[in-house]
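# A closer look at the structure
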Amino acid sequence: MTAVDAVVVGAGLSGLVAARRLQGAGLRVRVLEARSRVGGRMVHTTTPHGAVVDLGGQWGGVSHRRLAALLDELALTTYPSHYDGQGVFHWQGRRVVAPLAAHFDQSLLFFEPESLGLPSDQLAATQQLQRAFADLVAQVDPIHPWRTAGA
């Protein structure tokens, strides 16, 4: 058994980044992972037809500055994510194929609200809940979320 300075539990993205930084600081690090692979939620699979499909946390947006910096640091290739066309909306056991919203801030869970065929009272209640959630999110400092009251 080799002596180490630090043990990182979990070989997901955060664990691997932590281990890399500790090792970069000159520490001897051991990473422990319960699965037979690294990556945590960053995983893909191949469909029976041969297409590769991402199943986890592979997407990043404009607010994911640290992820973008890590990708740049590691010289990893990124691919654009297309957000247009039709989507599938499941609501109370009902499946609806509907157009994705042109503007996310005016959408209901990424969809054009009027295209979902929801009863007006359910649509209004859902939009109110989405606005309340957005108001809550707006209170969180994206750079220092731990400084948010009640964090």
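Rules of the game
- Residues numbered from 1 in each chain as written.
- Predicted model: local features only at pLDDT ≥ 70, side-chain atom pairs only at ≥ 80, totals over all residues.
- Heavy atoms only, no water.
- Helix = DSSP H or I, 4+ residues; strand = E, 2+ residues; numbered from the N terminus.
- Buried < 20%, exposed > 50% of the residue type's maximum accessible area, 1.4 Å probe, protein only.
- Contact = heavy atoms within 4.5 Å.
- Expected span 1.5 Å × (residues − 1).
- Axes fitted to C-alpha atoms, helices over the stretch in contact; angles between N-to-C directions.
- Parallel < 35°, antiparallel > 145°, perpendicular 65-115°, else oblique.
- Left-handed = near helix turned anticlockwise from the far one by under 90°.
- Nonpolar A, V, L, I, M, F, W, Y, C, P; charged D, E, K, R; others polar.
- Pairing = 2+ DSSP bridges.
- Salt bridge = Lys/Arg side-chain N within 4 Å of Asp/Glu carboxyl O.

## Some words on unusual backbone geometry
- One non-glycine residue, A75, lies in the positive phi region at around 55°.
- Of note, the phi angle at L109 is positive, near 50°, even though the residue is not glycine.
- Along the chain, L109 turns up in the loop between strand 6 (94-99) and helix 3 (120-138).
- Classification of L109 as partly exposed rests on a relative accessible area of 43%.

## What to know about the environment of S107
- Here S107 is to be found in the loop between strand 6 and helix 3.
- A relative accessible area of 6% places S107 in the buried class.
- Sequence separation between S107 and P80 is 27 residues, and the spatial gap between their C-alpha atoms is 21 Å.
- Residues contacting S107, with those up to four places away along its chain left out, are A101, P113 and Q130.

## A word on helix 1 (residues 13-24)
- The terminal C-alpha atoms of helix 1, which comprises 12 residues, lie 16 Å apart, in line with the 16 Å expected from a rise of 1.5 Å per residue.
- Just downstream of helix 1 lies G26, where phi reads positive at about 95°.

## So, the packing of helix 1 against helix 2 (residues 65-73)
- Where helix 1 contacts helix 2, the two axes come as close as 13 Å, and the packing angle between them is 60°. Taken together, helix 1 and helix 2 sit at an angle that is classed as oblique. Seen from above, helix 1 lies across helix 2 with left-handed handedness. Across from L13, V17 and R20 in helix 1, the residues of helix 2 making contact are L67, L70 and E73.
- Of the residues belonging to the contact of helix 1 with helix 2, the class tally is four nonpolar, no polar and two charged.

## A few points about the pairing of strand 6
- With six bridges connecting them, strand 5 (residues 86-91) and strand 6 associate as antiparallel partners. Bridged to F89 within strand 6 is V96.

## Describing the pattern of salt bridges
- Considering all chains together, one arrives at two salt bridges under this definition.
- Note that R28 and D5 form a salt bridge whose closest N and O atoms lie 3.4 Å from each other. Taken together, the positions of R28 in the loop between helix 1 and strand 2 (29-32) and D5 in the segment before strand 1 (6-9) put the pair 23 residues apart, joining distant regions of the chain.
- The partly exposed category is assigned to R28, whose relative accessible area is 45%.
- Given the relative accessible area of 43%, D5 is considered partly exposed.

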